[in-house]
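So the chains spell out like this:
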Amino acid sequence: METTDVIIIGAGAAGMMCAVEAGRRGRRVVVLDHARNPGEKIRISGGGRCNFTNLEAPPERFLSGNPRFAISALKRFTPADFISRVDAAGIAWHEKTLGQLFCDGSARQIVDLLVRDMVAAGVDLRLGTGISAVSRDGGFLVETSGGTIRAESLVLATGGKSIPKMGATGFAYRIAEQFGLAVTETRPALVPLTFAEQDLEKLRPLAGVSVEARVTLGRTAFEEGLLFTHRGLSGPSILQISSYWREGDSLTVDLARGCDVAGALKAQRGAGGRIAVLTALGRYVPEKVGDMVLEAAGISGRLADQSNSVLDRIGDAVNRWQVKPVGSEGYRTAEVTLGGIDTGGLDARTMEARTVPGLYFIGEAVDVTGWLGGYNFQWAWSSGWAAGQAV
Ligand code: FDA
């Protein structure tokens, strides 16, 4: 039977980083993936430019049953560490917004960097390889479409359930359960939210319209773009809040961030006010949003004829729009999976299962989920790096 030191299942961001590090330490590493190409999610990420990290990755920007779990790995392999690798590879990059770093060229450059580093570290990458079973005999036996391989260490880096069309599976969760590790509830995150049919009737005409918004749920708020879609809401502010939203929750949306609309309308009215109220509102929100707000409130006519209480109602409808999504677009479009392998069962320094020596879980499969903005790749790099030092 073929033997090696380390088997890594999953040639995504975390698996490749782990492979490079373990290979550099002189470990014999075999990486298995059922996909035809490595790093497919890297390739499609960031609109093809890969938001490969964020200038800062504080633990508050990650959701987890144990918010402290990610600290160790994120401290030991930081955004600056990954940026140095990108710089050393001569990949040009830029900061887009909020510390988010993207390739100037193409996301493929990041995949190529990792593949080159794996080759240089002597890693054996086997694509198009299905895994039928995993068992333990002191080490680990992995039954693949290419035969059985035995290794001292086994790393699960198969990611989450998002985008099943691209080969995402719940494989890591199944293996965790097989070895007695707990898995927290998983759900789609960084995902557009959807509305009930009766709400959509009013909102459909707005599909394609975007605004700079502030979206609030309880004590959590995001100030970023919002996009009306044919099925509900999307855009960065909605993707961000979707990680916190649960069925039954209402969102408060400010559709004209930074502008007190009631106050501004009163000021305009004081300065003349012969214009239509819709035209006046159009200074602060796109016309279609203005239309929706006025129609819903049954308000029309000239600005000059509107009372203070009517302008307050308009202000509330724009600055404090209450919406109750009924669901999300699901794993079909979700950027990540919230939840996963319970961090209580893992060593935060090495990602090794506490009760199963030699078994490791890294990347999105673990119950650590970053905000939108390069945080999920940073978690993949940091957790992959941490396990790579230990396997
Ligand atoms: P990842 O999913 O990358 O890799 C898992 C690998 O395991 C895959 O190669 C898969 O084929 C393989 N695999 C799965 N099941 C298997 C099985 N049963 N047998 C064998 N192999 C199996 N994040 C970010 O920080 N910045 C960004 O710009 C974006 N953009 C983005 C866009 C889109 C459209 C999506 C869907 C996601 C993002 N993300 C992102 C999130 C980011 O892509 C994600 O968090 C990381 O890819 C997770 O890395 P992993 O290595 O953990 O899993």
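Residues numbered from 1 in each chain as written. Predicted model: local features only at pLDDT ≥ 70, side-chain atom pairs only at ≥ 80, totals over all residues. Heavy atoms only, no water.

A. Representation of the environment of alanine 19 within the structure. Position of alanine 19 relative to the elements: it lies in helix H1 (residues 13–24). Since its relative accessible area comes to 0%, alanine 19 is described here as buried. A C-alpha to C-alpha distance of 29 Å links alanine 19 and arginine 332, two positions 313 residues apart in sequence. If near-sequence neighbours (up to four positions away) are discounted, alanine 19 is found in contact with Ile8, Val29, Val31, Met118 and Val123. (Helix = DSSP H or I, 4+ residues; strand = E, 2+ residues; numbered from the N terminus. Buried < 20%, exposed > 50% of the residue type's maximum accessible area, 1.4 Å probe, protein only. Contact = heavy atoms within 4.5 Å.)

B. Just the UniProt feature "domain: RsdA/BaiN/AoA(So)-like insert" (unreviewed entry) in the chain, in detail. Residues annotated by UniProt as "domain: RsdA/BaiN/AoA(So)-like insert" (unreviewed entry) correspond here to residues 187–336. Segment residues 187–336 splits into 35% helix and 23% strand. End C-alpha atoms: 9 Å apart. (UniProt positions renumbered as here; feature names shortened; annotations may be inferred.)

C. Broad picture of the pairing of strand E16 (residues 251–254). Strand direction decides the pairing type here: strand E13 (residues 210–217) and E16, joined by three bridges, are antiparallel. Bridging from a neighbouring strand, arginine 214 pairs with aspartate 254 of E16. Examined bridge by bridge, E16 and strand E17 (residues 321–323) share three bridges and lie antiparallel to one another. Of the residues in E17, the one forming a bridge with valine 253 is tryptophan 321. (Pairing = 2+ DSSP bridges.)

D. Region of interest: the site of the ligand. Close to the ligand lie 29 residues; Ala14, Asp33, Thr169, Glu364 and Phe377 are nearest. Contacts to the ligand include histidine 34, whose backbone N or O atom sits 3.3 Å from a nitrogen atom. Glycine 374 is positioned such that a nitrogen or oxygen atom in its backbone is 3.5 Å from an oxygen atom of the ligand. When the free accessible area of the ligand is taken as 990 Å², the share hidden by the protein chains comes to 92%. Looking at the shell around the ligand, the elements that each hand over two or more residues are H1, helix H2 (40–44) and helix H13 (375–390). If you tally residues by element for the shell around the ligand, the top one is H13, at three residues. Residues belonging to the shell around the ligand are distributed by class as follows: twelve nonpolar, 13 polar and four charged. (Near = heavy atom within 4 Å. Polar contact = N/O pair within 3.5 Å; in protein donor to acceptor, adjacent residues only side chain to side chain. Areas by Shrake-Rupley, 256 points an atom, 1.4 Å probe, with all protein chains shown as cover. Nonpolar A, V, L, I, M, F, W, Y, C, P; charged D, E, K, R; others polar.)

E. Structural detail: the packing of H1 against helix H5 (residues 108–120). Across the interface, H1 lies against H5 with an axial gap of 8 Å and an inter-helix angle of 25°. In terms of orientation, H1 lies roughly parallel with respect to H5. Crossing angle aside, the handedness with which H1 passes H5 is left-handed. Together, Met16, Met17, Ala19, Val20 and Arg24 of H1 and Leu114, Val115, Asp117 and Met118 of H5 make up the contact between the two elements. Here the contact of H1 with H5 is composed, by residue class, of seven nonpolar, no polar and two charged. (Axes fitted to C-alpha atoms, helices over the stretch in contact; angles between N-to-C directions. Parallel < 35°, antiparallel > 145°, perpendicular 65-115°, else oblique. Left-handed = near helix turned anticlockwise from the far one by under 90°.)

F. Inspection of the packing of aromatic side chains at higher detail. A complete count under the given rule lists eleven aromatic pairs for this structure. Look at phenylalanine 140 and phenylalanine 179: their rings are 6.0 Å apart centre to centre, the planes differ by 70°, and that puts the pair in the edge-to-face class. Of this pair, phenylalanine 140 sits in strand E9 (residues 139–144) while phenylalanine 179 sits in the loop between helix H6 (171–178) and strand E11 (187–189), and the two are 39 residues apart along the sequence. Judged on exposure class, the residue phenylalanine 140 and its partner phenylalanine 179 are both buried. Each ring, one from phenylalanine 222 and one from tryptophan 371, has its centre 4.8 Å from the other, and the planes form 75°; the classification is edge-to-face. You can see phenylalanine 222 sitting in strand E14 (residues 220–228) and its partner tryptophan 371 sitting in the loop between strand E21 (369–370) and H13, a full 149 residues away along the chain. For phenylalanine 222, a relative accessible area of 4% translates into the label buried. Each member of the aromatic cluster is reached from another via a ring pair, and the members are Phe62, Phe222, Tyr244, Trp371 and Tyr375. (Phe/Tyr/Trp six-rings, centres within 6.5 Å; stacked < 30°, edge-to-face > 60°.)

G. Structural detail: the sheet that holds strand E5 (residues 93–95). A sheet is described by the order of its strands in space; here three strands give the open sequence E3-E6-E5, paired in antiparallel fashion. Taken across any chain shown, the strands that pair with only one partner, and hence form the sheet edges, are strand E3 (51–54) and E5. On average, each strand axis in the sheet is inclined to that of its neighbour by 30°, with strand direction left out of account. The sheet contacts of helix H4 (residues 79–88) involve E3, E5 and strand E6 (100–103), and relative to E3 the element is tilted by about 140°.

H. The nonpolar core, seen in detail. Counting residues in each nonpolar core, the largest one holds 79 residues, and the members touching the most others are Ile42, Ile110, Phe361, Trp379 and Trp381. Setting aside its immediate chain neighbours within four residues, isoleucine 110 contacts Ile42, Cys50, Phe52, Phe82, Val86, Ile91, Cys103 and Trp381. Core analysis: the second largest hydrophobic core is formed by 39 residues, Val211, Phe222, Val253 and Val318 among them. (Core = buried A, V, L, I, M, F, W, Y, C linked by side-chain atoms within 4.5 Å.)

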